[in-house]
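# Fold and contact review
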Amino acid sequence: MRDSLVKRFESIVGKGNLFSEREVLYAYSYDAAVVPQTIPELVIRPMDPEAASKVIRVCNEEDIPITVRGSGTNLSGGAVPSPGGIVILTNALNRILELNEADLYAVVEPGVITAKFASLVESKGLFYPPDPGSQSVSTLGGNVAENAGGLRGLKYGVTKDYVMGLELFDAEGNPIKTGSRTVKCVTGYNLSGLITGSEGTLGFIYKIILKLLPYPRHRKAMVVYYDDVMKASITVSEIIGARILPCTLEFMDNFTIRAVEAYSKAGLPTDAAALLLIEVDGHPSQVEEDSLTIEALCRRNGALQIKVAGDQRERDRVWEARRGALSALAKLRPTVILEDATVPRSRIPDMVKEVQTIAKRHQLLIGTFGHAGDGNLHPTILTDKRDREEWKRVEKAIEEIFEAALALGGTLSGEHGIGIAKSKYLEKETNRYTLLYSQKIKRALDPKSIFNPGKVLYE
Ligand SMILES: Cc1cc2nc3c(=O)[nH]c(=O)nc-3n(C[C@H](O)[C@H](O)[C@H](O)COP(=O)(O)OP(=O)(O)OC[C@H]3O[C@@H](n4cnc5c(N)ncnc54)[C@H](O)[C@@H]3O)c2cc1C
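Everything quoted here is computed from the prediction, not taken from an experiment.

As summarised here, the arrangement of the 7 strands in space is β15-β12-β14-β13-β17-β18-β16, forming an open sheet in which the pairing is antiparallel. The open sheet has two edge strands, β15 (305-308) and β16 (335-338), and neither has a second partner. Sheet twist, expressed as the average angle between the axes of neighbouring strands with direction ignored, equals 15°. In this sheet, β15 lies alongside strand β12 (residues 218-226) in antiparallel orientation, the contact comprising 4 bridges. Residue pairing in the sheet places Val-223 in a bridge with Lys-307 of β15.

Counting 68 residues, the largest nonpolar core has Val-224, Val-236, Phe-251, Leu-275, Leu-276 and Ile-401 as its most contacted members. Among the elements that line this core, the one with the most residues is helix α14 (residues 388-407), at 7 residues. For this core, the domains that each give at least three residues are domain 1 (3-89) and domain 3 (218-407). Non-local contacts of Ile-401, meaning those with residues more than four positions away in its chain, are made with Glu-339, Ala-341, Val-355, Ile-358 and Pro-379. Of all hydrophobic cores here, the second largest spans 47 residues; its members include Val-68, Ile-86, Leu-140 and Val-144.

This paragraph deals with the site of the ligand. Residues in close proximity to the ligand total 36 residues, the closest being Gly-70, Gly-78, Gly-133, Gly-142 and Gly-200. Per-element tally for the shell around the ligand: the top contributor is helix α5 (residues 140-146), with 5 residues. In the shell around the ligand, the residues fall into 11 nonpolar, 20 polar and 5 charged. Formed jointly, the shell around the ligand draws a minimum of three residues from each of two domains, domain 1 (3-89) and domain 2 (96-214).

Okay, the sheet that holds strand β6 (residues 105-108) next. Sheet strands line up and pair through hydrogen bonds in the backbone, either parallel or antiparallel. Pairing is antiparallel across the open sheet formed by 5 strands, whose spatial order is β5-β6-β10-β8-β9. For this open sheet the edge positions go to β5 (96-100) and β9 (175-179), each flanked by a neighbour on one side alone. Recorded for the sheet is a direction-independent mean angle of 10° between the axes of neighbouring strands. In this structure, β5 lies alongside β6, joined through 4 bridges in antiparallel fashion.

Under the domain assignment used here, the protein contains domain 1 (3-89), domain 2 (96-214) and domain 3 (218-407). If you average the C-alpha positions of domain 1 and of domain 3, the two centres end up 37 Å apart.

With that settled, consider the environment of Ser-192. For Ser-192, the location among the structural elements is in helix α7 (residues 191-195). Residue classification places Ser-192 among the buried positions, given that 21 C-beta atoms sit within 10 Å. On a C-alpha basis, the gap between Ser-192 and Gly-409 in space is 27 Å, while along the polypeptide they are 217 residues apart. Each residue touching Ser-192, except ones within four places of it in the same chain, is listed here: Val-163, Gly-165, Leu-166, Thr-178 and Gly-179.

Take unusual backbone geometry next. Positioned with a positive phi, Asp-63 is a non-glycine residue whose angle comes to about 55°. In this structure, Asp-63 sits in the loop between α3 (49-62) and β3 (66-69). You can call Asp-63 exposed: it has 11 C-beta atoms within 10 Å. Phi angles above zero are rare outside glycine, and Asn-147 is one such case at about 50°. Taking the number of C-beta atoms within 10 Å as the measure of exposure, Asn-147 has 23 and is therefore buried.

One can find Gly-302 in the loop between α10 (284-300) and β15. On a C-alpha basis, the gap between Gly-302 and Lys-396 in space is 35 Å, while along the polypeptide they are 94 residues apart. Not counting residues within four places of it along the chain, the set of residues in contact with Gly-302 comprises Tyr-226, Asp-228 and Lys-231.

What counts, and at which threshold
Residues numbered from 1 in each chain as written. Predicted model: local features only at pLDDT ≥ 70, side-chain atom pairs only at ≥ 80, totals over all residues. Pairing = 2+ DSSP bridges. Helix = DSSP H or I, 4+ residues; strand = E, 2+ residues; numbered from the N terminus. Axes fitted to C-alpha atoms, helices over the stretch in contact; angles between N-to-C directions. Core = buried A, V, L, I, M, F, W, Y, C linked by C-beta atoms within 7 Å. Buried ≥ 20, exposed ≤ 12 C-beta atoms within 10 Å, placed from the backbone. Domains from an automatic or database assignment. Contact = placed C-beta atoms within 7 Å. Near = placed C-beta within 6 Å. Nonpolar A, V, L, I, M, F, W, Y, C, P; charged D, E, K, R; others polar.

See below:
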């Protein structure tokens, strides 16, 4: 990057907030997805939103691509810099600006860590439900940009269901305001809806208004083991069929159980073919009634064992083990690819079967776990990208997983986004006109394509 440009950025954010050392640039050249790395020209850390706006203005004048970065846990390559571009970090924009207990909302900056926010909210007797598996490190800005889901999506929805309003900078660095602090707001276009899930391609989010709920009065958690994957999958469909909405309904196959147990020593039986993690919450009497019905359904479907968590510690241990599933699997082979093709929940048994068939056909190790209650499974392929022959089989398997999900009426991505990894498949789920329509929006709002070019839309 030209010295004069570096100087301009330096005059905005100060020398200590510009990073150009090779090792640092390398550290920001990738995220959690298996996609090619790109080394940025510069990494910039604005200490306040105004500085971010000025940096964006310079980038727009000089045609410099910007990739905003929260914690870089993205699983579709969206946080990987664009060639010739810079990275703007949000980690210094990490203040909780307001927590309004009367009107049940909070106003936060984008760099706030999800779990920290959720536990602060909880300490006030309130509830922020979106809980991605990465919540201990992911940022709320990253969650909004990806429309992240989590373990409670089935009952409580995903990030978009909690975004009441946003403030963002457009490509010229001008402030844009969407939504409001009110429960209802239909003033103008639903721009919060457009920006949420836009993967850093339409603006820089610097303020977020999030809806809060009262904390559920009671909860009950159980782990249910099966000797057959199908029995577990069918139980999932039957629980929903019984008109019960657990807040969590997670699935793990045997391969994942063994990996998780070796990693976390949570006491999971490694000979079970599958397990379900189930939690119901709400009014105490409803929770008791629902959990009894669920236990009966599990038994009717041949559950080997049902372990109801005796206390919070026991529950947390198993839930932490589930959150560590990806890390546990990632230890087994050099390359791990976590997919999130999603199907209508009633088609879970078919999707599980499809993934097993694909694994067998291509002789690959695929562990499956995920948010079974909302149809969002995570078939996780363990491989070694350096093995070219195996990699070809992996690519074929990924395509077949997408095709299977689409054939079952599902979607390419339930929560990880399109980024670079899936942009070439987008047309398969939508059509050419939908892509053109999206491209027109992108061009109108960001004519020079400075915000995360090459992500979502294949350019
Ligand atoms: C172990 C693990 C478990 C995970 N579990 C889940 C899960 O259960 N559910 C789920 O949905 N995802 C999950 N993910 C994926 C990932 O954590 C989420 O997508 C998360 O929302 C990303 O947050 P981040 O702060 O890391 O954002 P980053 O990865 O840094 O960025 C994500 C995208 O958002 C953009 N962005 C970030 N901040 C801003 C901003 N302020 N303005 C504009 N654009 C911005 C970036 O440019 C990028 O395109 C998981 C990832 C890992 C590694």
